[in-house]
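# Remarks on the overall topology
Chain by chain, the residues run as shown.
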Amino acid sequence: VESFSLEQHAFASSWYDQDLGWNRDLDPAWSNVALGRNGEYWPKHTWLLPVLSTPAYWAFGLFGTLLFNLALFGWIAWAGYRFAVEYASPAGAAVAVAIFLFGTAILESAYNYSADLLQVALFLTGLACALTRRPIAAGVFVALAVVVRPTALILSLTPVLIYVERRRWRELGHAL
């Protein structure tokens, strides 16, 4: 935010260049930065999370990133409910979302600036859009989830199965 760059050298150089005591036995892959080919330090994870959370940071400082992260929980709850209510009663959908949010490992991300939460929020929104007949939005949200973490590509068959299940071939084409 301060330098309008994603390059992390000012923040991460000590991680690689100095023995900080606690980091001497850790593999560099453990960090959240990656060493570029010209010696620069880049975020290992998506650029989309810091870009989207920058307004919260500007408004509230570092606390804004926590607020943004907690807002992602609300987004996940909303999108998860929109998805689940297509297959279950409203009460059942609410219980399923509550179990997902508070009964799985996702809860561990509540106080962490987490690209995982953004990926889940985008992917669930894509699924909800697929079920509510907004195929272009579904495709965009699933694609953004893949941008956040390429491992989401494995999950991208899910909205395809939704369209196949409902025999909505034209919508599948628009989503793709």
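The following paragraphs examine the structure supplied in this document. Quantities reported herein were computed from a predicted structural model and do not represent experimental measurements. (Residues numbered from 1 in each chain as written. Predicted model: local features only at pLDDT ≥ 70, side-chain atom pairs only at ≥ 80, totals over all residues. Heavy atoms only, no water.)

## Section: the overall build of the chain
Tallying secondary structure elements over the chain gives 8 helices and 2 strands in all. When the helices and strands of the chain are read in sequence order from the N terminus, they spell out α-β-β-α-α-α-α-α-α-α. Put simply, 61% of the contacts in the chain that link residues at least 6 apart link residues at least 24 apart. Carbon and sulfur atoms make up 65% of the accessible area of the chain, which amounts to about 10,600 Å² in all. (Helix = DSSP H or I, 4+ residues; strand = E, 2+ residues; numbered from the N terminus. Contact = heavy atoms within 4.5 Å. Areas by Shrake-Rupley, 256 points an atom, 1.4 Å probe, with all protein chains shown as cover.)

## Looking at the environment of Phe 68
With respect to the helices, strands and loops of the structure, Phe 68 is situated in helix α3 (residues 62–84). In sequence terms Phe 68 and Ser 114 are 46 residues apart; their C-alpha atoms lie 10.0 Å from each other. Ignoring any residue separated from it by four or fewer positions in sequence, one finds Phe 68 in contact with Leu 49, Leu 52, Ser 53 and Ala 56.

## Side note on the packing of α3 against helix α5 (residues 115–131)
Axis separation between α3 and α5 bottoms out at 8 Å; the angle between their running directions is 25°. The orientation of α3 with respect to α5, classified from their angle, is roughly parallel. For α3 against α5, the interelement crossing comes out left-handed. Together, Asn 69, Leu 72, Phe 73, Trp 75, Ile 76, Trp 78, Ala 79, Gly 80, Arg 82 and Phe 83 of α3 and Leu 117, Leu 118, Val 120, Ala 121, Leu 122, Leu 124, Thr 125, Leu 127, Ala 128 and Leu 131 of α5 make up the contact between the two elements. Of the residues contributing to the contact of α3 with α5, the split by class is 16 nonpolar, 3 polar and 1 charged. (Axes fitted to C-alpha atoms, helices over the stretch in contact; angles between N-to-C directions. Parallel < 35°, antiparallel > 145°, perpendicular 65-115°, else oblique. Left-handed = near helix turned anticlockwise from the far one by under 90°. Nonpolar A, V, L, I, M, F, W, Y, C, P; charged D, E, K, R; others polar.)

## Some points on the packing of helix α2 (residues 48–60) against α5
Running from amino to carboxyl end, α2 crosses α5 at an angle of 90°, the nearest separation of the two axes being 10 Å. It follows that α2 is roughly perpendicular to α5 by the angle criterion. In this structure, α2 uses Leu 48, Leu 49 and Leu 52 to contact α5, whose residues at the interface are Ala 115, Leu 118 and Leu 122.

## A closer look at the nonpolar core
If you look at soluble globular proteins, the nonpolar side chains tend to sit buried side by side. One finds Leu 49, Leu 72, Ile 76, Leu 117, Leu 118, Leu 122 and Val 148 to be the most contacted residues of the largest nonpolar core, which totals 30 residues. Those elements that place two or more of their residues in this core are α2, α3, α4 (90–103), α5 and α6 (135–148). Here this core takes 11 residues from α5, the largest share from any one element. Among residues more than four places away in sequence, those in contact with Leu 117 are Asn 69, Leu 72, Phe 73, Ile 76, Ile 106 and Ser 109. (Core = buried A, V, L, I, M, F, W, Y, C linked by side-chain atoms within 4.5 Å. Buried < 20%, exposed > 50% of the residue type's maximum accessible area, 1.4 Å probe, protein only.)

## Comments concerning α2
Relative to the 18 Å expected for 13 residues at 1.5 Å per residue, α2 spans 19 Å between its end C-alpha atoms, a close match to the ideal helical length. Approximately 45° is the largest bend angle found in α2, and it occurs at Thr 54, with the proline Pro 55 only one to four residues beyond. For α2, every residue scored as buried is listed here: Leu 48, Leu 49, Ser 53, Thr 54 and Ala 56. Looking at the buried positions of α2, the neighbouring elements they touch are α3, α5 and α6. (Expected span 1.5 Å × (residues − 1). Bend = angle between axes of the 7 residues up to and from the residue.)

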